[in-house]
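This is what each chain is made of:
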Amino acid sequence: MYPDARNVYAEAQRKMDFVWLVTTSPRGFAATSKVLRQTESIVVLPGLHPEVAVQKAPELELLLHQMADTVAIGEVGLYGSARYRQHFDLQTKIFSAVIKRSQSLGGRVLSIHSRAAAKEVLDTLEQFPAFGTAVLHWFTDSAPLLRRASNMGCWFSVGPAMLTSANGRKLAAMMPMSRVVSESDGPFAKSSGNPIMPWEASNVAEQLSLIWCLPVEAVNAELLKNGKTLRSRLTRKTVDGK
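Residues numbered from 1 in each chain as written. Predicted model: local features only at pLDDT ≥ 70, side-chain atom pairs only at ≥ 80, totals over all residues. Heavy atoms only, no water.

A. Representation of helix α10 (residues 204-212) in the model. Turning to α10, its buried residues are Val204, Ala205, Leu208, Ser209, Ile211 and Trp212. Projection of α10 onto a plane perpendicular to its axis shows the buried side chains occupying an angular sector of 165°, all on one side. Those residues of α10 that are exposed and angled more than 90 degrees off the buried face are Glu206 and Leu210. Where α10 is buried, its residues touch β6 (155-158), α9 (166-174), β7 (180-182) and α11 (216-232). Looking at the residues trailing α10, positive phi occurs at Cys213, about 55°. (Buried < 20%, exposed > 50% of the residue type's maximum accessible area, 1.4 Å probe, protein only. Helix = DSSP H or I, 4+ residues; strand = E, 2+ residues; numbered from the N terminus. Arc of directions from axis to C-beta. Contact = heavy atoms within 4.5 Å.)

B. Examining the pattern of salt bridges more closely. Under the counting rule described, the total for this entry stands at seven salt bridges. In this structure, Lys15 engages Glu11 in a salt bridge whose closest nitrogen and oxygen atoms are separated by 3.1 Å. Of this pair, Lys15 and Glu11 both sit in helix α1 (residues 5-15), four residues apart, roughly one helical turn. Under the relative-accessibility criterion, Lys15 is labelled partly exposed at 48%. Connected through salt bridges with shared partners, the residues Lys119, Asp123, Glu126 and Arg148 form a single ionic network. (Salt bridge = Lys/Arg side-chain N within 4 Å of Asp/Glu carboxyl O.)

C. A look at the nonpolar core. Residues Val98, Ile112, Leu125, Phe139 and Leu208 are the most contacted members of the largest nonpolar core, which totals 46 residues. Not counting the four nearest positions on each side in its chain, Leu208 is found in contact with Leu163, Ala172, Val180, Cys213, Val219 and Leu223. Among the nonpolar cores identified, the runner-up in size contains eleven residues, and Phe18, Ala72, Val135 and Leu230 belong to it. (Core = buried A, V, L, I, M, F, W, Y, C linked by side-chain atoms within 4.5 Å.)

D. Quick peek at the pairing of strand β1 (residues 19-22). Judged from the four bridges that link them, β1 and strand β2 (residues 42-45) form a sheet pairing that is parallel. The residue bridging Val19 from the neighbouring strand is Ile42, located in β2. (Pairing = 2+ DSSP bridges.)

E. Here's a closer look at the environment of Phe29. Along the chain, Phe29 falls in helix α2 (residues 26-35). Given the relative accessible area of 13%, Phe29 is considered buried. Residues Phe29 and Val219, 190 residues apart in the sequence, show an inter-C-alpha distance of 33 Å. Look past the residues within four positions of Phe29 in its chain and what remains in contact with it is Thr23, Val44, Leu45, Pro46 and Gln66.

F. A look at the side chain of Ser41. Positionally, Ser41 belongs in the loop between α2 and β2. Excluding residues that lie within four positions of it along the chain, Ser41 makes contacts with Gln13, Met16, Asp17, Phe18 and Val19.

G. Representation of empty space enclosed by the protein within the structure. Evaluation of the coordinates by the stated rule reveals one cavity of 30 Å³ or more. Leu48, His49, Pro50, Ala53, Val76, Gly77, Gln91, Ile94 and Phe95 are the residues that line the largest cavity. In terms of residue count, helix α6 (residues 88-104) provides more of the lining of the largest cavity than any other element does, three residues in total. Tallied by class, the residues present in the lining of the largest cavity amount to six nonpolar, three polar and no charged. (1 Å grid on protein atoms, 1.4 Å probe; cavity = no way out; pocket = protein on both sides within 12 Å on 5 of 7 lines; lining within 4 Å. Points joined across faces, edges and corners; volume = space filled by probe spheres on them. Nonpolar A, V, L, I, M, F, W, Y, C, P; charged D, E, K, R; others polar.)

H. Quick peek at the layout of surface pockets. Estimates place the volume of the second largest pocket at around 170 Å³. For the second largest pocket, the lining is made up of twelve residues, of which Phe18, Gln38, Thr39, Val43 and Val71 are closest to its centre. Residue composition of the lining of the second largest pocket, grouped by class: five nonpolar, three polar and four charged.

I. Representation of the sheet that holds strand β5 (residues 132-137) in the model. Read from one edge of the open sheet, five strands run β3-β4-β5-β6-β7, paired in parallel fashion. For this open sheet the edge positions go to β3 (72-77) and β7, each flanked by a neighbour on one side alone. Across this sheet, the average inter-strand angle for adjacent strands is 30°, counted without regard to direction. Pairing of β5 with β6, which is carried by three bridges, proceeds in the parallel orientation. Looking at β6, one finds that Leu136 is bridged to Phe156. (Axes fitted to C-alpha atoms, helices over the stretch in contact; angles between N-to-C directions.)

J. Here's a closer look at the environment of Ala172. Within the fold, Ala172 resides in helix α9. On the basis of relative accessibility, which here comes to 0%, the residue Ala172 falls in the buried class. In sequence terms Ala172 and Ser157 are 15 residues apart; their C-alpha atoms lie 9.7 Å from each other. Leave out the neighbours within four places in its chain, and Ala172 touches Leu163, Leu208, Ile211 and Trp212.

Have a look at this one:
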C-alpha cells in the first residue's frame, strides 16, 4: 500500500472513472476495506499473492469466504521462478482452490500473476472452464503461451513499467487490443524511482501507440472501451454451493 494511502485514494477518486484496488492477503483485504471503503468508482479486492503463499496459506479459507461477497479477485496466481519454486505445490493448491471457488460462485473477474508459470496457470483455468474472466497481470512468459492465453479468452493488464523492457513491448504487440486494460501496479512499480500513481496508468497509451502503430487518441479510446467492457462483467453472482 502507498505510504499516504488515504490521500492517494482521495486523489484517485477525483481523477479516475474506475479503480481496482487489489490486496495481497485476506487479512490485508479486511484491514484495507475498513480504511479505504468501496465506492462507485473504487472496488477493493481480496487476494492471496503467490509471493506470500507460505506465510498466508492459513488464510485461504478466509479468502474463499470473502469471495462470495465481491465481484472480482486479486491478487492471485503462481510464481514459478527459482526463488518461489520450492513452494510451488502450495501455490498451486491455493490457486486451484480459488479458481474452483470462483466457478462455484458463478464466475468472477480475477487479476492473475503468472511469472514463469503461465502454462500452469492456463492449465488450472482449463480445469474450471466456468471460472469467469482472467486478467493476466504483467504477462512475461513466451509468445506461444501468450497465444494460448489469448485463444482461451484471457485479458491482459499492461502498465508503464512493463513496457520499459523489449520483451514487454514484444508481448504487448501480440496481445488482442480489445482485451488489454491499463494498470499502474503501484506502489510496487516505479518510474524514476517513484511509485507509479493509479492515475498514471493512462500513460501506457503513449507507449502502446508506438507498439500498435495507432494514434494516441485511438489507443486511449480503445483502453477506455475495454475498461468499460470489463467493468460490465463485475456483476454480483448468486452463490452456488459453499
